[in-house]
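For reference, the chains in residue letters:
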Amino acid sequence: GYVIKEGFNGLRRAALSSVVAVTIISIALSFLSFFMMITYNISHVIEDIRSRVELEAFLDKSYDTEASGKIQQALVQMAGVESVSFVSKADAAKILKSVMGENDIFDLVGSNPLPASFKIRLKTEFRNLKDVNAVAQEIEKINGVEEVNYQKELLRMLDEKIDTYNYISLGLGCI
């Protein structure tokens, strides 16, 4: 009881300096909490964008569904691959029809020219440009894979913006 009583007496004796100290501490903690909320929200948005990154490996047109099983096994066993889903030629045609809004889109060509493909999702730690490039190069080496597409420009821009943001946040944190 004595310590608490003397603490309040000290606050009354030096009221101005106590108010100034409490105000400065409140402002500093407000800035810190505001900075932490901004950092958390930006990190959350970045992870949300990165979670949508997918690679699409298009197969050679000569490969059928049975042969694609071997390719799928090779993809699943690769480092960094979280999940693999097969998109058949018929599924690709359905997706294109739904996007284009045309029912008779293949009547002009006479057949389905779209190749079968695999949609590949990567593990969280592999969702940056450097690692995605490395995984894409490994996928292209697999026999039967004709081409690998992914959002290279989005990843490049995102990595650049993240680096800029990290430098700015480090500077503001120091200040």
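The coordinates are above.
Residues numbered from 1 in each chain as written. Predicted model: local features only at pLDDT ≥ 70, side-chain atom pairs only at ≥ 80, totals over all residues. Heavy atoms only, no water.

> Residues and numbers for the pattern of salt bridges, please.
Scanning the model with the defined rule gives 9 salt bridges in all. With its nearest N and O atoms 4.0 Å apart, the salt bridge here joins Arg121 to Glu82. Here Glu82 lies in strand S2 (residues 81–87) and Arg121 lies in strand S3 (residues 117–122), a separation of 39 residues in the sequence. The class of Glu82 is partly exposed, set by a relative accessible area of 45%. Ionic pairing is found between Arg156 and Glu153, a salt bridge with its closest N-O pair at 2.7 Å. One end of the pair, Arg156, and the other, Glu153, are both in helix H6 (residues 152–174), 3 residues apart, so they sit about a helical turn from each other. Taken together, the shared-partner salt bridges in this structure form one network comprising Glu54, Glu82, Arg121 and Arg127. (Salt bridge = Lys/Arg side-chain N within 4 Å of Asp/Glu carboxyl O. Helix = DSSP H or I, 4+ residues; strand = E, 2+ residues; numbered from the N terminus. Buried < 20%, exposed > 50% of the residue type's maximum accessible area, 1.4 Å probe, protein only.)

> An account of the nonpolar core is requested, with residue identities and associated values reported.
Nonpolar side chains in soluble globular proteins tend to end up buried together. Among the nonpolar cores identified, the biggest contains 23 residues, and Leu55, Leu75, Ile120, Ile139, Val145 and Val148 are the most heavily contacted of them. Counting residues per element, this core draws most heavily on helix H5 (residues 129–140), which supplies 5 residues. Ignoring any residue separated from it by four or fewer positions in sequence, one finds Val148 in contact with Leu55, Glu56, Ala57, Ala136, Ile139 and Glu140. (Core = buried A, V, L, I, M, F, W, Y, C linked by side-chain atoms within 4.5 Å. Contact = heavy atoms within 4.5 Å.)

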